[in-house]
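Each chain, letter by letter, is given below.
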Amino acid sequence: MKKSCRSCPQTTNENPFNIQPVSSIMTNSTSTSPFDSWVEACNTASSTSETASRLKAEARTHFEQISSPASPHKTGSRLSVTEDLSNASSTTPNGALASLVSSLRPVIAGESICARVCGLNLLEGALDGCSSLTQGVRQAVGYYLVELCRADGTGAHNSQLFVDGNGLSPEEITQQLKALEQKSATSNGAGSLSSLEEVRDSALSCLKALLSSNLDIFPTQQSQSKSNGDLLKGALSVLSESMELRMDLAMKGVRYRCDVDAMYMDAADRVMNAGDGYVQDDIVDATMEENLSQLPRAKRSMCFTLLEGALDGLNEDVIRGKGLSSELVFPAPVRKTMVKFASFAASCIQGETDPRCLLQLLRLLNKVQRFICPLIAVGATSSAGAQVMDINNNLIQFPFTELFDAVAPYYPVHFTPPKNDPYKITQDALRKALMAVLCEEGVPTTAVSSTSMIEDGDENMIIHAARMFMERLDPMRSSEYQPPSSGVDSEEEDKAEAVRDLSELLLPSKRIDQSNVSDSPKYSPNLTRVSRTLLSELSSTLTRVHEEAVSHHTNGKWKFLAGSIRQFSSSLAYSLELHSVSIGSKVSSGWTSFVVNTINHLAPSLETSPQGMHGRASTAYLASLATGGGIVTLKKVLQACIPRLLSVLSKFDNDNTNREQTIAAIRGVAALVASVRVAMEFWGKDNHGVRMHPHPLASYASNIVERVSVIFDTGVNCHDEELLCAVIATIESLLTLADLTLLNDNNVDLLVKMLTLIAEVVLSEDDSVASKSNNEWRRECARAMGVFIATGLEDASDKSPAETPSKLSVLADELCSRAIISATTTLQLQNSFSVSQTYRSDWIALATACSNGTEHVISKILAVVLTKAVSALQSPDPDYSPFMVFSFISQNGGPDVAKAFHSLTSPSITYLDIVNELCKSPGDGKGLLSRGISQLKLPWQNEEENKELDIQIKRAYSVLPHLMPAFESPSAALSFGGIVELLDQSLPPVSKWDENKLCVVSSLAAATLTNSEDIKGLLKDVPSKVLKTLIRQLSEFVIGSQHEKQSRASAATCLFLIVVHADLDEDSSAILQATLDEIYTTLVESLKTLQSDARNPLVLSRIEEIFNFMGHWGSIAACKGGSLSSIADEIATFFVEMACTGSSSFPLNNYTIEFPKSSTDENENQSITDNHFDSSILPALSFGNMLSVNAGSPFWRQRIIFKIIPVVMKVVKQEAQSHNPPPSGALAVCSILSCFPSSLLNEENSKQITPMLIAGLVHLSKHVDEMTQTESLSSNVLDVLGLTLVGFVKILSEEHLSNGLGRFIGVIISSLLRLSTREICSESYYPKQLFALQCLENVARAPVSRNTKLRERDQVVAELSTVVDHPSVIIRQAVVHVRNMWYTL
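Everything quoted here is computed from the prediction, not taken from an experiment.

As for the pattern of salt bridges
Side chains that differ in sign of charge can pair as their charged atoms come close.
(1) Moving on: Enumeration over the complete set of coordinates arrives at 42 salt bridges.
(2) Moving on: The closest approach of N and O atoms between Arg356 and Asp354, which form a salt bridge, is 3.0 Å.
(3) Moving on: Judged by its relative accessible area of 26%, Arg356 falls in the partly exposed class.
(4) Moving on: When the shortest N-O distance is used, the salt bridge between Asp501 and Arg431 registers 2.8 Å. Here the residue Asp501 occupies a position in helix H20 (residues 491–506), and Arg431 occupies one in helix H17 (residues 427–438), the gap between them amounting to 70 residues.
(5) Moving on: Within this structure, Arg431, Arg472, Asp494, Glu497, Arg500, Asp501 and Glu504 form a network of salt bridges that share partners.

Some details on the packing of helix H43 (residues 1024–1039) against helix H44 (residues 1045–1061)
Packed helices, taken two at a time, are described by the angle their axes make and the gap between the axes.
(1) Moving on: Two elements in contact, H43 and H44, have axes separated by 9 Å at closest approach and are oriented at 145°. In the packing of H43 onto H44, the handedness of the crossing is left-handed. Note on element contacts: H44 touches H43 through Ser1047, Arg1048, Ala1051, Ala1052, Cys1054, Leu1055, Ile1058 and Val1059, opposite Leu1027, Ile1031, Leu1034, Ser1035, Phe1037, Val1038 and Ile1039.
(2) Moving on: When the residues that make up the contact of H43 with H44 are grouped by side-chain class, the tally is 12 nonpolar, 2 polar and 1 charged.

Here we look at the nonpolar core
(1) Moving on: Ranked by size, the top nonpolar core spans 420 residues in total, and within it Leu145 and Leu438 carry the most contacts.
(2) Moving on: At 13 residues, the largest contribution of residues to this core is made by helix H15 (residues 355–377).
(3) Moving on: Apart from the residues within four sequence positions on either side, Leu438 is in contact with Phe404, Val407, Tyr411, Met461, Ile462, Ala465, Met468, Phe469 and Leu505.

A look at the environment of Ser53
(1) Moving on: Relative to the helices and strands, Ser53 resides in helix H3 (residues 48–67).
(2) Moving on: Among the residues examined, Ser53 registers a relative accessible area of 49% and is labelled partly exposed.

Some words on the confidence of the model for the protein
(1) Moving on: In this model, the protein carries an average pLDDT of 79, and 79% of its residues clear a pLDDT of 70 or more.
(2) Moving on: With pLDDT under 50 throughout, residues 154–161 is counted as low confidence; its partners more than four residues away or in other chains account for 18 contacts.
(3) Moving on: Taken as a whole, residues 1160–1165 scores under 50 in pLDDT and shows 6 contacts with residues more than four places along the chain or in a different chain.

Observations regarding the environment of Gly894
(1) Moving on: Structurally, Gly894 can be placed in the loop between helix H35 (881–892) and helix H36 (895–903).
(2) Moving on: When its relative accessible area of 29% is taken as the criterion, Gly894 is described as partly exposed.
(3) Moving on: For the pair formed by Gly894 and Ser851, sequence separation is 43 residues and the distance between their alpha carbons is 5.0 Å.

A look at the packing of aromatic side chains
(1) Moving on: All told, the structure shown has 13 aromatic pairs when counted by the stated rule.
(2) Moving on: Measuring from centroid to centroid gives 6.1 Å for Phe901 and Phe967, while their planes differ by 85°, and the two rings are edge-to-face. Placement of Phe901 in helix H36 and of Phe967 in helix H39 (residues 943–967) is noted, with a sequence separation of 66 residues between them. Across the pair, Phe967 and Phe901 agree in class, each one buried.
(3) Moving on: Centroid distance Tyr1080 to Tyr1151: 5.5 Å. Interplanar angle 45°. Geometry classified as tilted. In this pair, Tyr1080 sits in helix H45 (residues 1065–1092) while Tyr1151 sits in the loop between strand E5 (1143–1145) and strand E6 (1152–1154), placing the two residues 71 residues apart along the sequence.

A short note on helix H46 (residues 1097–1120)
(1) Moving on: In a regular helix each residue adds 1.5 Å, so 24 residues correspond to 34 Å; H46 covers 35 Å between its end C-alpha atoms and thus fits that length.
(2) Moving on: Positive phi appears at Gly1121, one or two residues downstream of H46, with a value of about 75°.

Some thoughts on the side chain of Gln360
(1) Moving on: Tracing the sequence through the fold places Gln360 in helix H15.
(2) Moving on: Exposure remark for Gln360: the relative accessible area of 18% places this residue in the buried category.
(3) Moving on: A distance of 3.1 Å separates polar atoms of two side chains, one belonging to Gln360 and the other to Thr305.
(4) Moving on: Setting aside its immediate chain neighbours within four residues, Gln360 contacts Ser301, Phe304 and Thr305.

Criteria and cut-off values
Residues numbered from 1 in each chain as written. Predicted model: local features only at pLDDT ≥ 70, side-chain atom pairs only at ≥ 80, totals over all residues. Heavy atoms only, no water. Salt bridge = Lys/Arg side-chain N within 4 Å of Asp/Glu carboxyl O. Buried < 20%, exposed > 50% of the residue type's maximum accessible area, 1.4 Å probe, protein only. Helix = DSSP H or I, 4+ residues; strand = E, 2+ residues; numbered from the N terminus. Axes fitted to C-alpha atoms, helices over the stretch in contact; angles between N-to-C directions. Left-handed = near helix turned anticlockwise from the far one by under 90°. Contact = heavy atoms within 4.5 Å. Nonpolar A, V, L, I, M, F, W, Y, C, P; charged D, E, K, R; others polar. Core = buried A, V, L, I, M, F, W, Y, C linked by side-chain atoms within 4.5 Å. pLDDT = per-residue confidence, 0-100. Phe/Tyr/Trp six-rings, centres within 6.5 Å; stacked < 30°, edge-to-face > 60°. Expected span 1.5 Å × (residues − 1). Polar contact = N/O pair within 3.5 Å; in protein donor to acceptor, adjacent residues only side chain to side chain.

Now the structure itself:
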């Protein structure tokens, strides 16, 4: 059998289908074509874009219809193959496409550029609409289109490209050359370079659509009637030809598109040698890569899209082939073409600088790896991966090296996208695309790896990439490596990124579960593609860089690098250990190269000089390997290190000659013992809690205890606390193993002796260690004692009652009791004690026991502490030490403490018992829960009861801060149901004892809700009826002025969170409306009282409470959104109108509310101590409080500001024409708005508000004496001053706003000086004075009115000098700073 030719359609008997070339169909078509209307449209087109788009869409629709299964072609079974094919050619997409190409050939070869472009777009639409094409049609159309991509293949060749200069004068030659240029410019329609390039681009797009189309292997019924054997053989042959054709046409298309022909060069390059009569010299034979890089970005992108389309079609062929045969093997010529295609795609990236094309190419190369590498690797037996031999023993291998050489120059990626980049290309996206190529992301494991590691000397992408990353991590000093040229990253950050890249290359995405019994590898497949030599080099590099990073231990970035290296090395060791298990070997050669060689290199330094830099770095590195490197690695590290360290300890003597060495060795032992605990935790998780046997420390525990005991005794005798701290750390590590069976009786006695001495240190009488010099020593002792208590109590719980407890268990129980007694009774502290100000070692011991113990240990400790707490509450002279202990262990004992506390049930002491005791009234021994509201008493005045009530409330406020940490934990959700029940029982309060109950319960409820991770889920468990009642009663309680303020604040928090997060939209709206009606009535009454008794401060205070409560509901409505949004808008508008104009329509009922008029309202010298002046500020401050809530949608605040801006700007414009001081309320609103970003107000509004702020500043500065000397002055006036100054701080810090202050600088400076130079004033004025000084500093910095500032400089310096002796240190420092700035202006 002769070898078939793959470059043209087959017509011999070797073709099982006997398919005729489509070119013959094209030339033999009838004179009448069904596509004449389209051809006519192309020839008459006047607009390329509109006509081309329309024809493309029509062609796509038409060919989609004839390609649909609903309209199959029909052939008779008696027809010959030739007749069957001829009939199919006129009724199938293949035949229709051939007819269309035949009809369009004159158009595409014509002179009109517009017609040619339209014709190619028409053909592209037809190709897009075809569901599948036969190999013959694709071949014929493909070679036709690829020729159109040539620079001289557009169908319009000039017959004369030169002028014969024989016998012509230079002038005649010049004239003929100009005529030739004019002819070239006018031929082919608009025959400019750009127009002809458009034709080539359209041909390239058509070719892409063709190559990405599916293959139709059985186009006719006759071809399907062949015998199965011949049919399968022929189908696979056609499939191979199709794949080869796709790749070949794609490469040719890109090459031809990059060609540059002489007739299309720029005019400046022409007529280089007119004396010879040629238009230009011969073009230099440039390479494809050079020509590709010279194309515009969009055209380069089209070339890359063509290659991607061929890959997509290739993948479809593979899928089709796998459906025909489960053992799909492609012949060597096809594989060689695949290799050429991969190399060709890699060459396209050379010199690419545009980030858009670079990202496209990197993703293309990764697709090449994912699609082509597995096809070349089919049948491969080499450990190096995708390579195989052809029939001539020539190696056919995927071009790893070519791809690596192409992408390596782009590593590492340093890219800063331009501002407002519409393409959204980031450095991270480019990096991920590059790493996908270097890591061969998505390539099937069978295509690139095997179960065993490759031999030394083999090369692949993973080895190349790993060496490149290692070079970045530890560059050769001879290479004069410089940190990243971008200057963005430091050297240590650059190295840390190299470690990250190595992790992505060699490690799986997450820790593998050893219990997974699936066939998938439990390690990264890339690990089998590296050699032993590479792993050995990597190990040396990591240890070298790690030691360098450890030497910079004071630098946080180097410290992070050291931690990253340790994490990577241990994870890699674990993966290598898993690989050893997968191949049925105890240890693999890769594990030996990476782990054993490292241990052999580092371990000797632990015996010779563990205190040196190399020794300390080696200890940390080996301990990390032991922690996360797997059990085999752990045992190997312990075997190599523990004996060496114990040898150092055995040489210790009392003359301190080797003290530093001994301390370093002890800490090394502690680190290794701690690594055993972590490694065993990993083991337990991976093996469903099964304990390891034998224990890794079984051979070393006894010797460690003996050596440590000797050194401990020496340290105690010598009072060497540093040595003792190291010993305590080792003991603590031993105890955390929670396996005391490793110790013999002698070891236990030694351990009991040491622990007894440690306990004496912890439980000594003088236990306030906040100011002691031996803090570290006592903390180490406390932690060791806590760990021992946790271990000993847990060991006792594991034994049955019939078993005799061990010495250690008995000692642990004794020390736990002593620690609790000591913590709760030894030190009597004041009720105002703050845990953050000091700590106690016995508290630390209990907290450490809880953090290391199980639920059993925590519950036992809590039971004793809470019992003592309740007993303390029952005492006539309560001691709050038990509550302080509880608070400390709640914050420092781990999350399980709060969980255990809220899980306690009777007969243990629970939170309900504590609440009952706090809320118990005189003579009531049952507490709150048993009484409910049935025993509520009517209010009555009794002096003794009032005194007792005050004591009870004071006691509650003393205890609550210590209970809060437990209720601020997410575990408090377990108790929320009981808290809601308590709250429901306490409302409404009808006696002062109920106030005490609400003081406790509302605080606990607010803490639980505020710190809940799922408030909605928390409230779903509460019946809606209860929630409705709570909302109504909480609202009534908050507005009641007779109730205690802190209780009302907690109730307000509960009200906010319940309404915002509960699903009670309709009910919330009704409740809000009823609440507003009540507010309206109360507000009207209060304003009437203000009018008749303007000097009564209680009336003004009541109005302030009403406005604040209304603002609270406004923030609730705004954050809730939905139907409540409009109510929030009305409340905000009401506040602003009341502040700016003194009257407004009340929300929902539209009744007008007005402030009472004052006889001094029109007086410029109105005193700021007047209550009418103060009352107009109140709605503005409530408006500010409403906007300050950070909850709900991020847009509600913007919506409200948009609603109220017209009201504010109207007042601002009116005041701009007035000579009176600005209304205090309007000033407050403007000050609040000025504190928000300018984007919410827009720049114009911000500039219009500024003059009012200046006028307000001047007015307030004139009354500075009243503000600093009047004791009864309301804090609201100072709040407005503070807001005004804060607004100025913001304005002066923004250049576009400060530029408008130029003509006001003089008066601003004078006002600020009056406000900032008050030496005798109340402490409440200090913050405002600091703001004024900050404004003076910003004025000096602002780039405005320099001459005015220089003129005022001496006065500023002189006046500031008068307050350098201010009573406040902070004010003095600020004055000196601002004065110096003005002095050096």
